[in-house]
Amino acid sequence: MKNLPSLAFEDHFNISPSDLQKILNISLSRGGDFSEIYLEYKIYNFINMEEDIIKETAESISLGLGIRVLSGEKTGFGYTNDLSFAKIKKAALTAASIASSRTSREASSLNPVQYQHNFYPVLESPHKESLEKKISFVKETYHSAQNFNRKIKKVKVSLLDHTQFVTILNSEGLKVSDARPLMKLACLAVAEKGNKREAGFSGGGGRVGMEYFSNLTPKEIGQDAAKEALELLEAALPPAGEMAVVLAPGHSGVLVHEAVGHLLEADFNRKKTSIFWNKMGKKVGSSQVTIYDDPTIPYFRGSYNIDDEGTIPKKTLLIEKGKMAGLLQDRLSAKLMQRPLTGHGRRQDYSSIPIPRMSNTYIDRGEHSPDEIVKSVKKGFYAHKFLGGQVEDSGKFTFSVSSGYLIENGKLTAPVKQASLIGTNIDILKNIEMIGSDLKFGLQTGTCGKEGQAVPVIDGCPTIKISRMTVGGQ
Amino acid sequence: MQRETKPIELKELAENLVVFGKNNGADEVEISILDGYEFSVDVRLGKIENLVEAGSRSLGLRVIKDKKNAFASSSDLSRETLQHLVKNAVKRAKLASPDEFSGLPALSKKRIDISSLRLFDPEIPNLDSKKKIALATETEKIALKDKRITNSHGSSFETREIRIIFANSNGFLEEYEQTFCGLSLGLLAGETDNQVEDSWSSSKLHFKELDSPEEVARKAVERTVRQLKPRKIMTQKVPVIFEPTMTSWLLGFLFACVSGVSIYQKTSFLVDKLGERIGNEKVTVYDDGLLPGRLGTRPFDAEGVPSQKTLVVDKGILNNYLCNTYAARKLKLKSTGSSSGTSVSPSNFYLQAGKIAPEKIVSSLEKGLILIRTIGHGLNPITGDISRGAFGLWVEKGETVYPVSEITISGNLGEILNNIEMVGNDLDFRSPLSGPTIKIKELTVAGQ
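Residues numbered from 1 in each chain as written. Chains lettered and ligands numbered in written order. Predicted model: local features only at pLDDT ≥ 70, side-chain atom pairs only at ≥ 80, totals over all residues.

### Quick notes on the sheet that holds strand 19 (residues 440-441) of chain A
Across a sheet, paired strands are connected by hydrogen bonds in the backbone, their directions being either parallel or antiparallel. All names here are of chain A. Within the open sheet, the six strands sit side by side as 11-10-9-14-22-19. Their pairing is mixed. Every interior strand has two partners, whereas the edge strands, strand 11 (323-324) and strand 19, have only one. Pairing between strand 9 (residues 291-293) and strand 14 (residues 360-363): three bridges, direction antiparallel. Residue pairing across strands places Ile291 opposite Ile363, the latter belonging to strand 14. (Pairing = 2+ DSSP bridges. Helix = DSSP H or I, 4+ residues; strand = E, 2+ residues; numbered from the N terminus.)

Printed below as a string of structure tokens:
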């Protein structure tokens, strides 16, 4: 037996091209407008270290296919991980049943597409690397955090890598594949002082190879987590109320993701549930604000060569100088809204229906220096790191800040922990007073959830000043 | 469409892999297989949006060699792949560190009578697709008759049937089947720039116990329109009433803090608090995996340890942590049948009901907030600190006067447990984490 399963992954399915063509035809046997087969093979490795030992390693294999049929606004979907022709046919018939015409249609003959770009040209593929080498990275991170300071009482480090192979075939004749690596090294450090206990977090990764960690080293990741935990030991709870808020570059990108990105996903606008649905071309924020979603940034966690519907993705302008300029489209919404595809149809895995999703989302750089921005605030709150955020279609959102500082007379003063920022997206976009020249991205560890589907994303922003925002604290 | 089960094959597969693992050098082997079937339909504005139907299987395994652990899982159940994974797991185990606390649980003499748990409803596999679609359609239709509702996120009906097979090298070999059904509806009210939204759902193991379309629609409408025309409020400390859904949310946080895994990892504010007072005498919390027909009910956990009823908090005194076998060994306690693998999961984790009707709790409130929803991530188990975006109803002189939004609530779980003034009689087990209406003496509500 070979050490690893063969990576010519379509072999795992053992389905002939003519059978795939048959399945596409069966999916249209009830008269659907469009049918698609999504083949996915994913290998996954995990290492966990805590209490000074390598606690466990895990390996996982996921193999299956999903069949989708579109008929007007309706979607029929079946999936299976039993790859016998009979079971695949059954999934195709399930998907087909969404349409109810007596006339069947024929799928176009398949025409393989070979694109020329690769947004993740990794040197050392994580799935080909030895477990020993990965374990050494985990240990290095662990000891770096542990040895940073005596107050660090607990450390937890995990390294996760997966490689996802997909092939998408559809009734328009498309056949296209992608192989997407993804790594994530994450470190949690807990510091103790008296009966106080605080946790710090750091990590890195993306669609990268092992070589990534010679740039952002395991040592740095461990130290960063320890530093944050130690700093939080000295942090107080923030004051509550409305005040000026300065968002740190990078980590604060979660705000653009939540407050703006989600509501510019086409499905929410097509259904008129997003507050933005009637605002295309209109001014929705300060003229300093320009926002992009770009799935083509090399090595980034949210990037992909093709989206999960086989579309070549494009850097997509969402807000231009304060005006709403675009939406993130998948096939269904683009067709119903008669808009061009942007390549943002993503799915968690073969058992999920593709929906419009973000990839790498950011507020573009402005003209102010970060110093100038902090100096302009007499009394306010500096949000440094975030645990996450959540938004509703009405535009109401909440962000959980894990660490920050008070701003007093233009200077960062006391460290502050555990605050919530709350507001309505249009208000915040309008209240953006200054944007820094220091565009950065957050940690390459983020995952976004929508309708129960998790996909890797990252977001970024420069230093930003918001004139007024509600801060929740004591 | 019916699920095609091949009962004997999967059970044999589990048994055979245990033997295969032992023969290939593993000291201990554990295999779990999940065979599932799902149906779901989403209807929006009267039309079907998505119709999904599928069957899938997956297998999880753990091998232990010289007290070293390795895990694997696969959705490819071909013999070659599985045997490869077992062999590779034995190899990988050698690269982990020995861990004296690792190991499978000893085979328990206790046997749970699976049929007494009412896990399986034979009606669910036989429900007609047309009927399932009609349920979702009907629910939304009823709600849209209300003129205050301006848009819909849609209504969904779903069913699941799962079969779980579990085998290990200590001689455990059991299986059970479970059904599930759920009906849900999300609505919006108000114009685009002032819109509010909410949803309601009913989930049950038995179809007959599911709330009717009328009931789901009524609750979803009521919960949505009551938020129309919200006001902002000034930052202040006031008494706060948690609706049952909010008590459930709070219990989810408490569960994370009484998890034996969080305790041995020292990531909970309740470390070293066993036998100590962590709340007032109104706080009694159980985790009960044996309640017949409830959403969290199960005969055994993910390590094959039989379920039990565990008294977690006894009138304010912390009585037990919820442990898997590993956490139990670490903490010198017994497994509570709470394993979900390397972590723990609640079965039916609930705050024991009091005697007061929820309306009486509201009428007792001179001035304060009824918490109806929270959003965000602000929970810190290490400190117990809570900071979340919130939506609520403002109460004056025992009456709801207007909805409030754009507020945050902040407090600390330890303080909340000590400040519960009233516990309602409306415990409904509508989720595996469940609690009645409660009134908290004081929380910080941040607004303007």
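### Focus: the interface of chain B and chain A
Taken together, the 62 residues of chain B in the interface contact 68 residues of chain A. Of all the secondary-structure elements, those providing two or more residues to the side of chain B that touches chain A are strand 2 (47-65), strand 3 (68-74), helix 2 (79-95), strand 4 (149-168), strand 6 (196-204), strand 14 (385-396), strand 15 (399-412) and strand 18 (438-446) of chain B. Ranked by residues supplied to the side of chain B that touches chain A, first place goes to strand 2 of chain B with eleven residues. Considering only residue class, the side of chain B that touches chain A consists of 17 nonpolar, 32 polar and 13 charged. Summarising the sheet, strand 2 (residues 53-71) of chain A and strand 3 of chain B pair through six bridges and their orientation is parallel. By the bridge assignment, Ile61 of chain A is partnered in strand 3 of chain B with Ser74 of chain B. (Contact = placed C-beta atoms within 7 Å. Nonpolar A, V, L, I, M, F, W, Y, C, P; charged D, E, K, R; others polar.)

### Description of the domain arrangement of chain B
Residues and elements named next belong to chain B. What the domain assignment lists for chain B is domain 1 (7-224), domain 2 (229-249 + 353-446) and domain 3 (253-351). Domain 1 and domain 3 are separated by 22 Å when their C-alpha centres are compared. Taken together, the contact pairs 21 residues of domain 1 with 18 residues of domain 3. Within the residue set of the side of domain 1 that touches domain 3, elements represented by two or more residues are strand 4 and strand 5 (173-189). When its residues are assigned to classes, the side of domain 1 that touches domain 3 shows eleven nonpolar, seven polar and three charged. (Domains from an automatic or database assignment.)

### Describing the domain arrangement of chain A
A common way to state how big an interface is: give the accessible area lost once the parts meet. Residue and element names in this part refer to chain A. Along its sequence, chain A is organised into domain 1 (10-233) and domain 2 (241-472). Computed from C-alpha coordinates alone, the two centres of domain 1 and domain 2 are separated by 23 Å. On the side of domain 2, 26 residues touch domain 1, which itself brings 37 residues to the contact. Looking at the side of domain 1 that touches domain 2, the elements that each hand over two or more residues are strand 1 (34-50), strand 2, strand 3 (74-80), strand 5 (152-170), strand 6 (174-193), strand 7 (196-206) and helix 5 (218-233). The element best represented in the side of domain 1 that touches domain 2 is strand 6, accounting for seven residues. For the side of domain 1 that touches domain 2, the class distribution of residues is 16 nonpolar, twelve polar and nine charged.

### Details of the sheet that holds strand 10 (residues 317-318) of chain B
Residues and elements named next belong to chain B. Pairing is mixed in the open sheet, where five strands are placed in the order 10-9-8-11-17. Sheet topology places strand 10 and strand 17 (433-434) at the edges, where each strand pairs with a single neighbour. Taken together, the three bridges between strand 8 (residues 285-288) and strand 11 (residues 349-351) define a ladder with antiparallel strand orientation. Looking at the pairing, Val285 lines up with Leu351 of strand 11.

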